[in-house]
Amino acid sequence: MKKTFIIILICVSSFSVFAKDISEKLKDSIVYLQITYHGYGQYTPWKTSELSEGFAVGCAVDGNKVITIASSVADAKLIQARTANQNDFIPAQILTVDYESNLALIELDSNSLTKPFKPLAFSEKYVKGAGVSFYWLSADGRMYNGRGFLDRVTVESTAVFCSQTLTFVAAGISETTNLGQLYCLEDRPVGIASLSGKEKEGNIIPAQIINRFLADARNGKYNGIAMKGFEASALVDPAMRKYLKIPNDVQTGVYVANVYTIGTGSDVLKSGDVLLGIDGYSINPYGRYEDRRFGTLAFDSLITGKTAGDAITFEVWRDGKKQILNAVAKRFNASDMLVPWYEFDTQPEYAIVGGCILQKLTKSYMAGRGEDWQGKVEPHLYNYLINEAFKPTDQRRDLVILSYCMPANINIGYQNLSQYVVDKINGMKICRMSDIPKALALNPDAKFIVIEFEMSQPAIVLDRSQLDYAANSIAQVYGIDKMMNIK
């Protein structure tokens, strides 16, 4: 009798770990997305890279709209979808993309759909240790599934994006997931697989982030995820706390080490503030707070959990006393940064002047050096990335550099110059890429075009009378159809 009871208990327990396979039920809710994309050469920005193909999983959320991860549709030129019930591919287009949430809303051509979707509702439920199942559709229309366990909740991002967002982590997964596979707890969708680079664990964009994104995108005017506008460091050194005149009975707070010129808090916080709390949540000296549902999390989640435009309150220790600062959650695009961390869906800006390639410094440009690029980039450029990337000003919106000089008669003597930061052209300060045409047009009667650089690097002096001939010659020799791409 006792043995029978144990066997029954084991069977019941096993059944409760993983819910039943609901692949059949999801056939009208999951699509296969085939994406054709190309980017541009970072050091030859006038050239496109070869077309490539990838795929992702889309989950129906509303009518003929599906949600997937943004990283899969970056630089997409053609998106097609197929369903389990339809063999031919269906044209699709991106409606809303948010790389910081890593989510994209895709609309399928309704006239090409032979059967309506069954939209999914994402549940914000989380049960630590619970078994989860994940689902995807293959290119030939077959449903697949795998299993794992909800292991923990973290706040993190990919190496590409700026924001740290709420993330569920599934452990012991039976298949690698990083392309939008649908994760379900019991029979309820709780998130989609995010880009993670992990093999044995799967990062999940949880329903909390998905539902915020969908609600924001619903009216067609997307405000976007709020982004942090400052850096904070741990504040555990008693001597430092004493220096900041923090009373012994105040044991919370992190040190605001750096305030950006963009992002949430950039307009109210000051370097040297001690951030004690956000929206009533106390922040411990390690930068964590106690979330009511998920336990101890990094405070970044209190910011990225908001939509730009929402109210936010900071409690700080400043001038020897506690202060409450009311602010508005803000967002910025990567293109707003002084050194953008990424550029998707657009051709890099550049200008070729007498064979000298001037272009905007980006993290993608530096990463073009290949593996371990951080050690290969010139220190002065890397410094701009590390210390100034989030600090554009009215005086400098872009960082324009001389990438290199393509050998030509007009630039003999300068052909070894590269990776210099442009300061002035014809005496005009260069604040952004769009300043270049204006600066080149200055002093039309002058014999020379003069390009000056920071750090007292030698200037480049080009014979103005040879510019047009040189441009035509360089275009033919190097196969360049457009000598300037500036927005």
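Here, the structure is the one placed above.
Our subject in this report is the structure included herewith. (Residues numbered from 1 in each chain as written. Predicted model: local features only at pLDDT ≥ 70, side-chain atom pairs only at ≥ 80, totals over all residues. Heavy atoms only, no water.)

## Section: the overall build of the protein
Helix and strand content of the protein: nine helices and 28 strands. C-alpha extents for the protein along the principal axes are approximately 100 × 70 × 40 Å. Sequence separation of 24 or more characterises 63% of the internal contacts of the protein that already satisfy a separation of 6 or more. Carbon and sulfur atoms form 51% of the exposed surface of the protein, whose accessible area is close to 22,700 Å². Across the protein, the 51 positively charged side chains and the 52 negatively charged ones have centroids separated by 5 Å. (Helix = DSSP H or I, 4+ residues; strand = E, 2+ residues; numbered from the N terminus. Contact = heavy atoms within 4.5 Å. Areas by Shrake-Rupley, 256 points an atom, 1.4 Å probe, with all protein chains shown as cover. Lys, Arg positive; Asp, Glu negative; His and termini not counted. Charge placed at Lys NZ, Arg CZ, Asp CG, Glu CD.)

## Some details on the sheet that holds strand β6 (residues 103-108)
On the basis of which strands lie adjacent, the closed barrel formed by six strands has the order β1-β2-β3-β6-β5-β4 and antiparallel pairing. For this sheet, the mean inter-axis angle between neighbouring strands, taken without regard to orientation, is 40°. Sheet analysis places strand β1 (residues 30-37) next to strand β4 (residues 76-83), joined by six bridges and oriented antiparallel. In the strand pairing of β4, isoleucine 35 is matched with isoleucine 79. In the packing of helix α3 (residues 207-217) onto the sheet, contacts are made with β2 (52-62), β3 (65-68), β5 (86-98) and β6, and the angle to β6 comes to roughly 55°. (Pairing = 2+ DSSP bridges. Axes fitted to C-alpha atoms, helices over the stretch in contact; angles between N-to-C directions.)

## Some points on helix α7 (residues 379-388)
Of all the residues in α7, the buried ones are Leu381, Tyr384 and Leu385. Seen along its axis, α7 keeps its buried residues to an arc of 95°; they face one direction. Residues of α7 that are buried in the fold lie against α6 (363-367), β23 (400-405) and β24 (420-425). (Buried < 20%, exposed > 50% of the residue type's maximum accessible area, 1.4 Å probe, protein only. Arc of directions from axis to C-beta.)

## Things to note about the packing of aromatic side chains
Using the criterion set out here, one finds 24 aromatic pairs in the structure. A ring pair is formed by tyrosine 126 and phenylalanine 168, whose centres lie 4.8 Å apart and whose planes are at 50°; its orientation type is tilted. Taken together, the positions of tyrosine 126 in the loop between β6 and β7 (131-137) and phenylalanine 168 in strand β9 (residues 165-171) put the pair 42 residues apart, joining distant regions of the chain. Overall, tyrosine 126 belongs to the buried group, its relative accessible area being 16%. You can call phenylalanine 168 buried: its relative accessible area is 1%. Their ring planes at 80° and their centres at 5.7 Å tell us that tyrosine 126 and phenylalanine 294 sit as a pair that is edge-to-face. You can see tyrosine 126 sitting in the loop between β6 and β7 and its partner phenylalanine 294 sitting in the loop between β17 (288-291) and β18 (295-298), a full 168 residues away along the chain. Pair check on accessibility: tyrosine 126 and phenylalanine 294 agree, each one buried. (Phe/Tyr/Trp six-rings, centres within 6.5 Å; stacked < 30°, edge-to-face > 60°.)

## A few points about unusual backbone geometry
Outside of glycine, negative phi angles account for most residues, and trans bonds account for most peptide bonds. The phi angle at glutamate 186 is positive, at roughly 55°, despite the residue not being glycine. By the element assignment, glutamate 186 lies in the loop between β10 (182-185) and β11 (188-193). With a relative accessible area of 45%, glutamate 186 lands in the partly exposed category. The phi dihedral of asparagine 426 falls on the positive side, at around 55°, and the residue is not glycine. Of note, asparagine 426 is situated in the loop between β24 and β25 (428-429).

## Here we look at the pairing of strand β26 (residues 448-453)
Side chains Ile449, Ile451 and Phe453 project from β26 onto a buried face, and the interleaved Phe448, Val450 and Glu452 project onto a face without burial. In this structure, β24 lies alongside β26, joined through three bridges in antiparallel fashion. Each bridged residue has a counterpart across the sheet, and for valine 422 the counterpart in β26 is phenylalanine 453. The turn linking β26 back onto strand β27 (residues 460-463) is made up of six residues, and methionine 455 within it adopts a positive phi angle of 60°.

## Some details on the pattern of salt bridges
Tallied over the full model, the rule gives 23 salt bridges. Here arginine 152 makes a salt bridge to aspartate 151, at a shortest N to O gap of 2.7 Å. Among the salt bridges present, the one from arginine 397 reaches aspartate 394, with a minimum N-O distance of 3.9 Å. Classification of arginine 397 as partly exposed rests on a relative accessible area of 27%. It is possible to trace a salt-bridge network through shared partners that takes in Asp151, Arg152, Glu156, Lys198 and Glu201. (Salt bridge = Lys/Arg side-chain N within 4 Å of Asp/Glu carboxyl O.)

## Considering the sheet that holds β11
Here we have six strands rolled up into a closed barrel, ordered β7-β8-β9-β12-β11-β10, and antiparallel in their pairing. Pairs of neighbouring strands in the sheet enclose a mean axial angle of 45°, with direction left out of account. Relative to β9, strand β8 (residues 143-156) runs antiparallel, the two sharing seven bridges. The partner of phenylalanine 149 across the bridge, within β9, is alanine 171. On the sheet, α3 packs against β9, β11 and β12 (201-206) and is oriented at approximately 35° with respect to β12.

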